[in-house]
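# Observations on chain architecture
Here is how the chains run, residue by residue.
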Amino acid sequence: MRSGFPVLSSRSCRIAVCTAIVVMGGYALPVLAGTPSSSDKKVVELKKIEKKYQKLKIGEKNIASAMSIIGKKEIDHASSAASIYSILKLTPSVNEYQQNIGPGTPTLTVRGVRMSQLAQTLDGIPMISLLHGGQGAYINNQDNNVGSLVSMGQIEGIHVYPGVAPPDRGGFATVGGTVSYKTKQPTKKFYVDLFSKIGSFSTDTYGFQVNTGSIPDTGGLKILARLSRTTTDGYIQHTPAKYTDFLFSAIKPYDYGLSKVFATIIYNRGSGYMLTETTPIPQLDKYGIFYNYPLTEASNHQNNRFLTAILGDQTYLNRYIVLSGKVFYIHKDNRFEGYTDPQYINETYPYQVNFNSPYFAYGPIGQEYGNNNNFTYNPVQSFGSYHAGEAAELQVNHTRTIGFVPKINIFLPLNTITIGGLIANESTGNNNATYAYGTLNMPEEAGYNALTYGNIARRTVFSGFIQDKLSLFNNSLHIEPGVTITGVNTTNYVPYNIYGTPPHPYTLSNYSKDILPYFGLSYDVTKHIIAYASYGKGARFAPVQDYVLGSSGSTTVAPGPETVNAYEAGARYVSKRLYLNVDGFLQNMHGMFSFYTDYLTNFSLYSNIGEEQMKGIEISGKYILTHRWSLFASGSYTDAKYMNSFSASDTPFEGQYGYVFAGDPLAAVPNWLANLGVNFKTHRLFLQIYGSYTGSQPTTYDLPPTEPELVLQDATVPTESVKVSPYFLVNLNASYKLPIEVPHVRYIKATLSIDNLFDNHYYVHTAQVYKQYRFTAVGNQYNSAYPGMPRFIEVGISGRFY
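Within each chain, residues carry numbers counting from 1 in the order of the written sequence. Confidence filtering applies because this is a predicted model: local features only for residues at pLDDT of at least 70, side-chain atom pairs given and counted only at 80 or more, and all residues used for totals across whole chains, interfaces and linings. The basis for every side-chain value is the complete set of non-hydrogen atoms in the structure, without hydrogens or water.

Quick look at the pattern of salt bridges now. Salt bridge, as used here, is a side-chain nitrogen of Lys or Arg placed within 4 Å of a carboxyl oxygen of Asp or Glu. Applying the stated criterion across every chain, the model contains 14 salt bridges. Notably, a salt bridge pairs Asp 193 with Arg 800, separated by 2.8 Å at the nearest N-O pair. Taken as a pair, Asp 193 in strand S9 (residues 191-199) and Arg 800 in strand S39 (residues 792-801) lie far apart in primary sequence, 607 residues in all. You'll find Asp 193 and Arg 800 in the same group, each marked buried. The residue Arg 335 makes a salt bridge to Glu 444 at a minimum N-O spacing of 2.7 Å. With Arg 335 in strand S16 (residues 321-340) and Glu 444 in the loop between strand S19 (433-437) and strand S20 (450-453), this residue pair connects regions lying 109 residues apart in the sequence. When its relative accessible area of 39% is taken as the criterion, Glu 444 is described as partly exposed. Only DSSP runs of H or I with at least four residues qualify as helices, and only runs of E with at least two residues qualify as strands; both kinds are numbered from the N terminus onward. The rule is simple: take the accessible area with a 1.4 Å probe, protein chains only, and divide by the maximum for that residue type; under 20% is buried, over 50% is exposed, in between is partly exposed.

Below, the structure written as structure tokens:
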């Protein structure tokens, strides 16, 4: 969905260096620019630089790539059931689902490109894991998929760039799209907001927001602070969750407002129960579509913490040059606890209950069986059987990221040059570990019940880009060449593993680099019509978990980066009342990560041999009928296929591993997606109702364990013969500012949100699977699924005071 017409905030070119402690401590910042010879000269200079900034704003109108914007109005009126990922479905070619209210285990694709392959930025810094890839990755709990780095209440805008965006908007490590989030910023006028919402499934949200406005005698210092808390029982049985989100933002202008320093601190927590395995459809038919095992029989719980600090400065040097830079720090803590009742860990129970704790049933793995793996815990001796003694699993992960993002904008008569970069390092804590035991109340001891302990992964990124935007023929032809050069150094230290092979610690390291060109061209056909085309290359570097050794003499060579060559062409119409964009795309992906693991022997092999292709068309628009009524719509068709055969992780939530054949469709990628809605607004009332259509999508099935080829035994493969059925959802959002005249009360606002207005029941994911036991498939194949969210109703009240 397009919120208004594309206009790039001048903040997107502002970055850089200072310290959170300095800002928090109220350090008085000196005026860095010299005093003008006269006030008249300074006014003239201000007007000149404003024209330079305007070049960047207009740049979004004639950007040579497809782009969508989600604005403040859409974000503010979304229900508590939404997340920073679910709201992206308002834009073309985006498919998303999650299994809880709010930020709970999202699964996302853009033009068929999955979340771990997308770049995501927060105020211009990378918010994805440099070690593993994008946030989410359904089964990869290292990605902290309960809670999120930034929440809905902490952002005021989102830019979505499918394909490969220009270098200064592209982010780090993408082979198919960039999602750029903008945090809320303080404003000039003081206010205090109080808010509370009550919704379905015992969902409660409440909090406050304080904006200081320009603080007297501080030279324009402004501060915004926000704290909110959400609790919910979840729409799937036995999946309660709670989220706490805190935002602090400060801006201190100087040099007559041309320059500024700023700081943003975000501290979020997410704690909740989740499913790690699709639920058998026979059970959903018997017990209800939202059935889940009682927590006493099966549970998976995550407790996650996210700390982000961004500190920056943007300096107007002269009328030609603006310098900026940001330093940032991100810390993530993840604690995952899983339990499965031993009665389900056997060959006879027909269904897979948990993906974790344990998925395969570890069995005899300790030193009493000759394994030199520092695992001395004896499950049989402690709990009577391996099933009972290995029924619980605990994973503890910590990561830390520090980095610097410099940028320089050079404004020339006919062109604007942007030079920027990223220097960052992410590392895991040296006490990251996985433990096994018979109960969740377990010891956490290396050398006793630690399956893994002390693995240390590090990745350092050096990236730089240069980009030009040349405007010719009376500013009607825009040529935008650019290039990004990225080098990545990765190391992974493994002290031991549960199979004891090799029987000694080892370190694997790898250096990868890539040169990523971009070329865009746009032409103003008329005052309102812009035609554009672009080519860009993107690259994503191998997840650090690929840097391991297998047994039986197998040596894993860490794969190089997977890449994409992306082509786009389109046209957009922009006027005061109508915005319309139509584009076509072709994305050829090369060297996709391929891996095969034989769990019986722990043999692993990783390589870059996969080929994929995405092609399609997109359309989106908004039409302002009157000053009160407006229409918006979007639609897309995507054809995503594998171009060769290889071993692959072949679902977007990355929990199913198998084999794909040339010509197979990418699973969980609908061919058709569409949105259609209408807005009505007055100075008191806002009403929005829209429908969202998700077309049928290919799913997967597991081959039997009797396949003659080893790589095909029990392999998950995509199929078009069985599809997830299409579904259509209608959502309603409304707010009304009550007529009230009380001193120091700016307004009281009532809100109503209804997601899935007609309470449709549908599946967002299905698969045909086998139960896994002792590293092989057992029993009969069965159908399993995840249900989508039923009708969610939420009412709220908020007030703004001054």
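Now that the structure has been shown, we can carry on.
Looking now at the sheet that holds strand S1 (residues 68-70). Within a beta sheet, neighbouring strands are joined by backbone hydrogen bonds and run either parallel or antiparallel to one another. Should DSSP find at least two bridges between two strands, the strands are taken to pair. Strand order in the open sheet formed by 5 strands is S1-S7-S8-S5-S6, with mixed pairing between adjacent strands. Pairing within the sheet leaves two strands with one partner each, and these edge strands are S1 and strand S6 (125-126). Across 7 bridges, strand S7 (residues 155-162) lies against strand S8 (residues 177-183) in antiparallel orientation. Residue Gly 157 lies in a different strand from S8, and its bridge partner there is Lys 182.

Quick look at the nonpolar core now. In this text, buried Ala, Val, Leu, Ile, Met, Phe, Trp, Tyr and Cys residues form a nonpolar core when linked through side-chain atoms within 4.5 Å. Formed by 65 residues in total, the largest nonpolar core has its most connected members in Leu 88, Ile 158, Phe 172 and Tyr 181. Should any heavy atoms of two residues lie within 4.5 Å, those residues are counted as being in contact. Ignoring anything within four residues of it in the chain, the contact list for Tyr 181 reads Ile 84, Tyr 85, Leu 88, Gln 120, Thr 121, Leu 122, Asp 123, Met 127, Ile 155, Gly 157 and Ile 158. Within the second largest apolar cluster, 20 residues are counted, among which are Ile 365, Ala 391, Val 396 and Tyr 773.

Before going further, it helps to examine the side chain of Gln 772. Within the element layout of this structure, Gln 772 appears in strand S37 (residues 763-773). Counting of polar contacts relies on pairs of N or O atoms within 3.5 Å, with two restrictions inside protein: one atom must be capable of donating a hydrogen and the other of accepting it, and residues adjacent in sequence are counted only when both atoms are side-chain atoms. A distance of 2.6 Å separates polar atoms of two side chains, one belonging to Gln 772 and the other to Asp 714.

In this section: the side chain of Thr 174. By secondary structure assignment, the location of Thr 174 is in the loop between S7 and S8. Here Gly 176 takes part through its backbone nitrogen, which lies 3.0 Å from a polar atom of the side chain of Thr 174. Within polar-contact distance, the side chain of Thr 174 engages the backbone oxygen of Gly 177 at 2.7 Å. Setting aside residues no more than four positions away along its own chain, Thr 174 makes contact with Gln 117, Leu 118, Ala 119, Gly 538 and Ala 539.

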